[in-house]
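# Secondary and tertiary structure notes
Each chain, letter by letter, is given below.
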Protein chains: 2
Amino acid sequence: MAAAKIRLCVDHPLGQGQSLPLTEAQAHYLFGVMRLAVGAPLLLFNGRDGEWLARVAEAGKRGGTLTCEAQTAPQRMPPDLWLLFAPIKKARTDFIVEKAAELGAARILPVQTDFTNADRIRQDRLQAHALEAAEQCGGTFVPEVAELAPLARVLAGWDAGRRILWADESLLGAAETLAGEAPGPWAVLIGPEGGFSEAERARLRALPFVRPVSLGPRILRADTAAVAAITLWQAALGDWR
Amino acid sequence: MAAAKIRLCVDHPLGQGQSLPLTEAQAHYLFGVMRLAVGAPLLLFNGRDGEWLARVAEAGKRGGTLTCEAQTAPQRMPPDLWLLFAPIKKARTDFIVEKAAELGAARILPVQTDFTNADRIRQDRLQAHALEAAEQCGGTFVPEVAELAPLARVLAGWDAGRRILWADESLLGAAETLAGEAPGPWAVLIGPEGGFSEAERARLRALPFVRPVSLGPRILRADTAAVAAITLWQAALGDWR
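The name given to chain A in an unreviewed UniProt entry is Ribosomal RNA small subunit methyltransferase E, with Frigidibacter albus as the source organism. Here chain A is described in UniProt, under the heading Subcellular location (unreviewed entry), as follows: "Cytoplasm". Recorded in UniProt under Sequence similarities (unreviewed entry), the annotation for chain A is "Belongs to the RNA methyltransferase RsmE family."

### Observations concerning the sheet that holds strand S3 (residues 41–45) of chain A
Residue and element names in this part refer to chain A. One open sheet holds the 5 strands; their spatial order is S1-S3-S4-S5-S2, and the pairing between them is mixed. The open sheet terminates on both sides in strands that have one partner only, identified here as strand S1 (7–9) and strand S2 (19–21). The mean angle between the axes of side-by-side strands here comes to 40°, regardless of whether they run parallel or antiparallel. Taken together, the 8 bridges between strand S4 (residues 51–59) and strand S5 (residues 64–73) define a ladder with antiparallel strand orientation. Bridging across to S5, Ala59 finds its partner in Gly64. Packed onto the sheet, helix H3 (residues 123–136) meets S1 and S3 and runs at close to 145° relative to S1.

### Notes on helix H5 (residues 198–206) of chain A
Residues and elements named next belong to chain A. Of the positions making up H5, those classed as buried are Glu200, Arg201 and Leu204. Down the axis, H5 shows its buried residues gathered within 100° of arc, on one side only. Opposite the packed face of H5, turned more than 90 degrees from it, sit the exposed residues Glu198, Ala199 and Ala206. Looking at the buried residues of H5, the elements they touch are helix H4 (151–156), strand S10 (163–167), strand S11 (186–190) and strand S12 (210–213).

### Some words on the side chain of Thr93 of chain B
By the secondary structure assignment, Thr93 of chain B is in helix H2 (residues 90–103). Contact partners of Thr93 of chain B, with chain neighbours within four places excluded, come to Phe85, Pro87, Ile88 and Leu126 of chain B.

### So, the packing of aromatic side chains
All names here are of chain A. As enumerated under the stated definition, the model contains 7 aromatic pairs over all chains in all. With a centroid separation of 5.7 Å and 80° between ring planes, the pair formed by Trp82 and Trp158 is classed as edge-to-face. With Trp82 in strand S6 (residues 81–85) and Trp158 in the loop between H4 and S10, this pair connects stretches of sequence that are 76 residues apart. Each member of the aromatic cluster is reached from another via a ring pair, and the members are Trp82, Trp158 and Phe209. Stacked on the ring of Trp82, the Lys or Arg Arg107 has its end atom at 4.7 Å from the ring centre.

Parameters at a glance
- Residues numbered from 1 in each chain as written.
- Chains lettered and ligands numbered in written order.
- Predicted model: local features only at pLDDT ≥ 70, side-chain atom pairs only at ≥ 80, totals over all residues.
- Heavy atoms only, no water.
- UniProt positions renumbered as here; feature names shortened; annotations may be inferred.
- Pairing = 2+ DSSP bridges.
- Helix = DSSP H or I, 4+ residues; strand = E, 2+ residues; numbered from the N terminus.
- Axes fitted to C-alpha atoms, helices over the stretch in contact; angles between N-to-C directions.
- Contact = heavy atoms within 4.5 Å.
- Buried < 20%, exposed > 50% of the residue type's maximum accessible area, 1.4 Å probe, protein only.
- Arc of directions from axis to C-beta.
- Phe/Tyr/Trp six-rings, centres within 6.5 Å; stacked < 30°, edge-to-face > 60°.
- Lys NZ or Arg CZ within 6 Å of the ring centre and 35° of its normal.

What follows is the structure in structure tokens.
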């Protein structure tokens, strides 16, 4: 059996013998770009049913059909970790979303802070980055990327049962360990270049569910801080334990 | 006193009252691009003498002079951590070097592995990326980027007193903690996309100074793995403790 190199995230339910119609864009990618022929294997996932080996049953210019043969991996859900981050320059914002999907975040919330330059994001493009990261990294889950929302509004509606790991760039120094913290619903909060305003910092410090942490003695860029903070959380409280 | 926004890494010794001649490239950057005038403040570091506040004493098209006024931060050396990584696509290789400099690696060694596509790197460009990362992130140290060398040759000449944290992508599962390991000279080893060959894996497993670790249950891209592994090392054994 030829190894399936292509992984595709689909909306359709997956199961033994399941037949899947392809959209025009999917058909263009599989048959036009990747040159798959009838009988070619590929891997599918939909965020719910695990990973499945499928084969091309019909190939056309505008569509086609796949048939599911066998499950190749169970569904793996990430731990209940959200990432709140302030959008920065385009390439670094893309990077943060890609890395959060790879490292196993469940939900990605772009937030506007006092020092955030961006007043809008391309949510569809960021969602596509998260999907591509899952396709390329063997994931079976694609985190949802929310629309941009002001941090103050997000915090006003916050469920106090979800703790926030706040990468507080003013705490340069030894990184506090997360020893003593319990797993469960968490979010990581990363500020923009320039950090948080004094008003934001005062508000965050006053919230009982916010846990400030230092990420070492150096100033990190926002994208580095996002990867480092998710890594520390995953190793201490997530599914890397 | 106006705050100095520009940080510049220089070769020259830094000290009270020290006068520094500028190269043509530095003069172009400071006076042509950044439009600094005589008397303007900037911050300098050279990897040895800490960070200094300096001012423009003379400004010309092809050169100029700075005068050091006062030390603003002590020299901070990173812990004795090297990063060995297999060069991948250009943007992701640049990214790995930038992040290693930010996170506090002391030396960066690009290595050719069995599955590495690159047979050469632009060492000068990568060194410039490390320098720029230090300038932008408030560092006073720039890690040296070595020339590309075959992994087999690097391992053949390895000092057994320096342990290697090997991100072994075949160990998908719970991340092992570094508890029980001692600080000291270490290196982090990250493979290319596609990981290490069976021969390389057998050799690494047999070396007494190599410590294989898992980076969680997901496949990570090489650039993500580099940031995650350095973060775990810094938090457990480095200067984030």
